[in-house]
Each structure stands twice: as C-alpha cells, then as structure tokens.
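So the chains spell out like this:
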Amino acid sequence: MGHFLSKNGYGLKKKSRKLRKKKKRRNCFLQGPCMLCFIVHGPSGSVEDDWPFESAAVSKLAERCVSLNSPEECARFLLSPGELAVWEGQGRSLLSKLIGPPALFSAVVPDYSEMVCKRKCAELQRCTPRKQPRCAFQEAMENGEERGDSRCLLSSLPSSSSSSSPSEEDGSAVGRHTDAGSASTSSSSCCCQPSQNESSEETKSAENTDINQLPSSILLKVFSHLSVKERCLGASLVCKYWRDLCLDFQFWKQIDLSGLQQVKDDLLVKIASRRQNVTEINISDCRNVQDQGVCSLASHCPGLIKYTAYRCKQLSDVSLCTVAIHCPLLQKVHAGNQDKLTDHALKLLGEHCKELKDVHFGQCYSISDEGLVALAQGCSKLQRIYMQENKLVTDKSVQAFAEYCPDLPFVGFMGCSVTSQGVIHLTRLQHLSSLDLRHISELNNETVMEVVRKCRNLTSLNLCLNWTINDRCVEIIAKEGRSLKELYLVSCKITDHALISIGQYSSTIETVDAGWCKEITDQGATQIARSSKSLRYLGLMRCDKVNEETVERLVLQYPHIVFSTVMQDCKRTLERAYQMGWSPNTSTAS
C-alpha cells in the first residue's frame, strides 16, 4: 500500500506512450522493500497464509485496495480516520519490526513532499557509468565491507536509474532526504570513482596526442614532402580529414606522374575536371597516356606553366598543339624523344606562347629548321634551347636563335647537323653561359676559340666527342675563358700539354673531364693537380697511361680534388654503401 502515498499521482496520466510501455515504478515512502505493495499485488493465492491478522479485516482491506482507481480515491482512503485507526492498531507490531519506530503512523498528516521511494538510492549522487580497473573494483569492495556501507559500491556500478529519462530524474530529485547521513554520503565522492579532474586531464592528454589536433597548415606542410603516389595510395586512405587535406589545391598545382604506368587518360580527365589550377604536369614515361587525356587536361588548365613528357612516343602533334593553344602562359616544354612531333606544333608554340623560356626537343627526329625558326621568331624570351641528334636541324636554326633570342644563356645542339659556320653566330649572345657542342662533326678549333673570346660570361663548355679539338685550342680556352668553371674534353685529341696549360693559365676552372683521352699520362695528371688552385674535379676515366698508384698518391696529397677513375669510383660507391648500412654478403651463394 506504499504506492498510495505517491506524490506524483497526478502526473501518471501525462507520461508519453514510450514511458507507458515501461514497467511503472512504485514510489514508496518506505526505506526498505515495499512489503505492503508486495502483499496487495503479490501473486500469492491465499492472503491468510502470510498475513497474521484477522481474515475478515484483511479481506475487506484488500477489496478496498483493489477497487481504488484514482489518486483522489487513494488519498480519501488513506486519510479516512476510521480506516487509519484500524490499520494502525492491527499493523503496528509488524511494521515496527520492518521499518522502525511506530511514530511514523501517527495521526498527523505527513508531508507529501518528502514521501518518495528510497528503494533505488534516490539520495545518492548519481555516477556516470565507466570502466574501472579490476584492482580498483576489488579495493572498493573491501572498503565497503569494512565500513558496512554498500552504497559506495552500488554507486560505482551502472544503475538502472541512469537510463531513465531526465523528467523522471527531476521528479525524484525534489523529495530527497536531507538528513545528515544522506548528506554526508552524497557530498563524499565514491572511493571507486575517479575524480572529475583526473578524468578530464586524461581526456585532454588523449586529445593532445592526436596528430589531427595540429593546425591544418602544419599537416599540409608535412604532406608536401610526400610524392603523389604516397599521398594518393597512403595518406589519403587514413581518414576523411586526411583525404580532404590530400585533395588540397596546392598539392595539385604541381603533378608528377612520371614513370607510373597505371596512369591513363581517365585520370587526367578527372584531374582536369576537378582541379583547374594545375601549373605543372610531368607525364614522362607514361606509356598509357594518349592524346585525349593530354588535350582534356590542357583545355581545362589554362594556367599551365610547365609541361614535361619525355619518352611518350605514343603522343602525336595533337597533344602539344592543344597545349600551345589553351595554355598561353606556358614557360617550359620538355618533349624529348617523341617521334611523332613535327614542325606544326613548334609553329603553334611560337604563335601562342610568347612567355616560353625553356624548350627541349632532343631526339625528335621529325623536327626541322622550319619549326625551330618559327619558334625562335615567336619566343624572344627563350632562356634555354636544347636539341639532341636532330639530323634535320642545321646552321639555319642556330643562326635564327642567335638573331631573335639575344638574351639566350643556354644553347645545346648535341649531335645535330651543325657546322662551324653556324656556331660562329653564337658570338652574338653576350649572355651565353652554357654551351653544349658535343659530337659536332665539322667543328674546328678556330670557331671554338672565337666563341670563348667573345662570350665573356661563358661558365660551362662541353666539347666531348670532337676529335678535332687539340692542345692549342685548350690552351686558348684556358687563357681566354675568364669565367669558365667547367670544361669537358672526353674523347678529344689532347695530351698532357692541355692539362698542364689548364693548371698554369686558368684560375677559375674547377671541373676538368679528360676521360678516354689515351695520350694523357701520369705527368699531366700530376702537373694539373699541383699547379691548379681552383681544381676540384679531374676525370681520368679509361686513361690507360695513368697508373692507379699515381692516382692513389694524388688522392692522399690533394684531398680537396676528386679523381675519377674506375677504381676510385668503385671505392666511393662502396664507401657510400657502407655509410648507408650495407654489409657484404660473404656466403658462397653470393
């Protein structure tokens, strides 16, 4: 009958349908188990067996309890003086043994604000369920047994009331007891529950150790050191946040896809459709890329500045023509070793790309003077032109570049059909700093000496594979080349006199490569190492008349000079391998 004293009787009808489905909670004023409710509503078939009072009074009282349907009827029945006197007289002895002193059943009307059920530990401080270590749980049990207080242990476990709705918690919190015992229990924290400060510190420390807590600018800086393959196939698969960072526009300004055979046209189409700010693209050695993908990328990326496509023999004129038409800001075009490239693409480059500065069309065997002359006329800002083994390129192209590109600092015509009559036009280039004249069949010494005299800013001269270059030419180069730092003479017709002249007359040359010069002996190598104050590298590869003992002695005497021979290069390679942690395998299988 303790549920008759519930103060929330009026609120029972206001509960939602979801709460009605739950088992109704009986809010009893008793601190112990609600024995009265159990007796009235229990499943026992015979009340007289368990009830020590008169059967007539009990049956009458039970009929009245069952017939009560509303909170108002419960209140009238409870406050009826006659019934209350009968109840108090017959049940005083039993209830005094169950719940305490008989003063509870006085005739004074009780304060209904304090009559709430205490069976579910309403007076205890609710604890958030959390996982506890096994040792802490056992320690809490021991402390609870020693103190005789089991509420501490119960508060550390997830209670059924923690899953109740907020409205029910607020309703039960109004009528909590305010006695000293319950106040001290609620104010003191449970021994098993960690303090809120410790849990917050643990949470903050866990959050601080997460790499995603770093600013996005720092993560972008870290990702910038990864290659496209590492970003696309590694970092972008970690989480959605990293995927978004890897898709940042700054990573897709410079796209290097060189050597990736899985790259096809559909990838270039997707890049073009999503990223319109690509400035550099490198598809060298991508054998599966066709003209369609390059055309789609070029048409959607008008800000393209650098285009590199070495050894893409499957591409035709269409790709470079589309790039030239849609990318007027183009500054660099490296399309070496493309057999299908013709003069038509070069004409479009000269017509549309006025900012072009760096071109490389080596081993493009279909290019002739017609395309190079049109390129030179249209691109006056050229800084670098390199041709290699282009047999259709003659002196006419060299003359055109010398005439229309006066500020050209780098010129290379390796293996082209160029003669001394065309090379002599390069003396007009006052800013010429690097000249590559390898394997020019009709190049004489007088032309080379004239170019060195006129081009005062020349710092690098490559004369390899020219059998006409002799000691006299090298001597003039050493005397007149006031800014010269690099001189390559591989397979030239020189002797020890050329090396001695370099060491005696030049104070600027740092690199000399005289490999495969069969007439050089120990005397020339020793004299140049002894007399030259600027020398830092001396190439003696396959100079058969130079003894290895002499080279070993020079290495010890002049440690600031790098001597390049077969034996010395092998030693340096092994030394670098040892530094990287390599160890020789001494097994017989190796």
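Residues numbered from 1 in each chain as written. Predicted model: local features only at pLDDT ≥ 70, side-chain atom pairs only at ≥ 80, totals over all residues. Heavy atoms only, no water.

Residues at a pLDDT of 70 or more form 63% of the protein, whose mean pLDDT is 76. For residues 21–41, every residue scores under 50 in pLDDT, and the model assigns this stretch 46 contacts once sequence neighbours within four places are set aside. Scored below 50 in pLDDT, residues 102–192 shows 89 contacts in the model against residues more than four places distant or in partner chains. (pLDDT = per-residue confidence, 0-100. Contact = heavy atoms within 4.5 Å.)

Structurally, the position occupied by Gln 568 is in helix α27 (residues 566–579). Ignoring anything within four residues of it in the chain, the contact list for Gln 568 reads Glu 548, Val 551, Glu 552, Val 555 and Phe 563. (Helix = DSSP H or I, 4+ residues; strand = E, 2+ residues; numbered from the N terminus.)

So, on to helix α26 (residues 548–557). Among the residues of α26, Thr 550, Val 551 and Leu 554 are the ones counted as buried. Looking down the long axis of α26, one finds its buried residues gathered within 100° of arc, a one-sided arrangement. Away from its buried face, by an angle of more than 90 degrees, α26 presents the exposed residues Glu 549 and Leu 556. (Buried < 20%, exposed > 50% of the residue type's maximum accessible area, 1.4 Å probe, protein only. Arc of directions from axis to C-beta.)

By secondary structure assignment, the location of Val 546 is in the loop between β12 (537–539) and α26. Put simply, Val 546 and Asp 522 are 24 residues apart on the chain and 4.9 Å apart in space, counted from C-alpha to C-alpha. Non-local contacts of Val 546, meaning those with residues more than four positions away in its chain, are made with Ile 520, Thr 521, Asp 522, Leu 540 and Val 551.

Let's shift gears to the packing of aromatic side chains. Per the stated rule, a full pass over the model turns up 3 aromatic pairs. Plain terms: the ring middles of Phe 223 and Trp 242 are 5.2 Å apart, the flat faces sit at 70° to each other, and that makes the pair edge-to-face. You can see Phe 223 sitting in helix α12 (residues 216–223) and its partner Trp 242 sitting in helix α14 (residues 240–246), a full 19 residues away along the chain. As far as the burial class goes, Phe 223 and Trp 242 line up, both buried. Taken together, a centroid distance of 6.5 Å and an interplanar angle of 55° make the contact between Phe 401 and Phe 413 tilted. Separated by 12 residues along the polypeptide, Phe 401 in helix α20 (residues 395–404) and Phe 413 in strand β7 (residues 410–414) bring together distant segments of the chain. When the ring centre of Tyr 505 is taken as origin, the NZ or CZ atom of Lys 479, which lies over that ring, is 4.6 Å away. (Phe/Tyr/Trp six-rings, centres within 6.5 Å; stacked < 30°, edge-to-face > 60°. Lys NZ or Arg CZ within 6 Å of the ring centre and 35° of its normal.)

Turning to the pairing of β7, a few remarks are in order. Counting buried residues in β7 gives 5 out of 5 residues, a clear majority hidden from the surface. Residues Phe 410, Gly 412 and Met 414 line one face of β7 and the alternating positions Val 411 and Phe 413 line the opposite face, and both faces are buried. Pairing between strand β6 (residues 384–388) and β7: 5 bridges, direction parallel. Paired with Met 387 across the two strands is Phe 413, which belongs to β7. Here β7 runs beside strand β8 (residues 434–436); their pairing, made up of 3 bridges, is parallel. For Val 411, the partnering residue across the bridge sits in β8 and is Leu 435. (Pairing = 2+ DSSP bridges.)

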